[in-house]
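Report on the structure
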Amino acid sequence: LAKTTQPISMDSYEGQEVNITCSHNNIATNDYITWYQQFPSQGPRFIIQGYKTKVTNEVASLFIPADRKSSTLSLPRVSLSDTAVYYCLVGPGGTSYGKLTFGQGTILTVHP
Amino acid sequence: AAGVIQSPRHLIKEKRETATLKCYPIPRHDTVYWYQQGPGQDPQFLISFYEKMQSDKGSIPDRFSAQQFSDYHSELNMSSLELGDSALYFCASSARDRMNTEAFFGQGTRLTVV
């Protein structure tokens, strides 16, 4: 499975846009990029998943360049409730979806 | 909507005792994953099942075993408990027959070994 590298921590302020970049240099052809959010003592929660280019849903956008060696999670106009740990996961989708490997996540702290 | 149900939510055991954690996946989900998350740590993959068969194995100690039953619920059995087993244990489920799937996590079981 592709190894991922993310910043250990980030700080932001309410109303700002936050971009968290994940590096995955050895991503495989059939790998998808998935982001999860985790609050203390709660299970991780799916945010967004993509394969290439740009994906957007109601909570975030995911930007994936053509070489797919990195990806950027964009959270628009963060609020205090977005303070959490964000994990970037890379792994195969579909029928070979055997496990999710969590690396070191990014602790995002949103300040008033 | 139905979510992943884990029981119990909290469990306190003494060293060398056994514990059984249960997980009830979302209906029609065929894959179950188990994770262990120690204090201040990232979730560590233990084991997963697809259609009641073990599909992947991670850093699960030999003292632990798990299975998925005919109704798709799963149990994680932990024996000879050690202080270091104190952690949050998460179960997740997904539907593997679709591409681009997401895994849904339960609220977790907090195991404290004293």
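Data block above holds the structure.
Now for a description of the structure that goes with this document. (Residues numbered from 1 in each chain as written. Chains lettered and ligands numbered in written order. Predicted model: local features only at pLDDT ≥ 70, side-chain atom pairs only at ≥ 80, totals over all residues. Heavy atoms only, no water.)

All names here are of chain B. Mapping Glu75 onto the fold places it in strand β8 (residues 74-78). Between the C-alpha atom of Glu75 and that of Trp34, which follows or precedes it by 41 residues, the distance is 9.4 Å. Residues in contact with Glu75, not counting those within four places in the same chain, are Thr20, Leu21, Lys22, Trp34, Ser65, Ala66, Gln67 and Phe69. A polar atom in the side chain of Glu75 sits 3.0 Å from the side chain of His73. (Helix = DSSP H or I, 4+ residues; strand = E, 2+ residues; numbered from the N terminus. Contact = heavy atoms within 4.5 Å. Polar contact = N/O pair within 3.5 Å; in protein donor to acceptor, adjacent residues only side chain to side chain.)

Right, let's get into the sheet that holds strand β9 (residues 106-111) of chain A. Within a sheet, neighbouring strands are paired by backbone hydrogen bonds and run either parallel or antiparallel to one another. All names here are of chain A. The 5 strands are arranged β1-β9-β8-β3-β4 in an open sheet whose pairing can be described as mixed. Two strands bound the open sheet, and with one partner strand each, they are β1 (9-13) and β4 (45-50). The mean inter-strand angle of the sheet, taken between neighbouring strand axes irrespective of direction, is 25 degrees. Judged from the 5 bridges that link them, strand β3 (residues 31-38) and β4 form a sheet pairing that is antiparallel. Note on β4: the bridge partner recorded for Trp35 is Ile48. (Pairing = 2+ DSSP bridges. Axes fitted to C-alpha atoms, helices over the stretch in contact; angles between N-to-C directions.)

Within the structure shown, the criterion is met by 10 aromatic pairs over all chains. Judged by centre distance (5.6 Å) and plane angle (45 degrees), the rings of Tyr35 of chain B and Phe105 of chain B are tilted. Note that Tyr35 of chain B is positioned in strand β4 (residues 31-37) and Phe105 of chain B in strand β10 (residues 104-105), a separation of 70 residues in sequence. For Tyr35 of chain B, a relative accessible area of 0% puts it in the buried group. Positioned above the aromatic ring of Tyr51 of chain A is the side chain of Arg68 of chain A, whose terminal nitrogen or guanidinium carbon lies 3.9 Å from the ring centre. (Phe/Tyr/Trp six-rings, centres within 6.5 Å; stacked < 30°, edge-to-face > 60°. Buried < 20%, exposed > 50% of the residue type's maximum accessible area, 1.4 Å probe, protein only. Lys NZ or Arg CZ within 6 Å of the ring centre and 35° of its normal.)

Looking now at the state of the cysteines. All told, the structure shown has 2 disulfides over all chains when counted by the stated rule. The disulfide bridge from Cys22 of chain A ends at Cys88 of chain A, spanning 2.2 Å between sulfur atoms. Where Cys22 of chain A bonds to Cys88 of chain A through sulfur, the torsion about that S-S bond is close to -80 degrees, and the disulfide is left-handed. Within this pair, whereas Cys22 of chain A is found in strand β2 (residues 18-23), its partner Cys88 of chain A is found in strand β8 (residues 84-92), the two being separated by 66 residues in sequence. Residue pairing for Cys23 of chain B: its cysteine sulfur links by disulfide to Cys91 of chain B, the two sulfurs lying 1.7 Å apart. Handedness of the Cys23 of chain B-Cys91 of chain B disulfide follows from its S-S torsion of about -55 degrees: it is left-handed. Residue Cys23 of chain B is found in strand β3 (residues 19-24), and its partner Cys91 of chain B is found in strand β9 (residues 87-94); the two are separated by 68 residues along the sequence. Since its relative accessible area comes to 0%, Cys91 of chain B is described here as buried. (Disulfide = S-S within 2.5 Å.)

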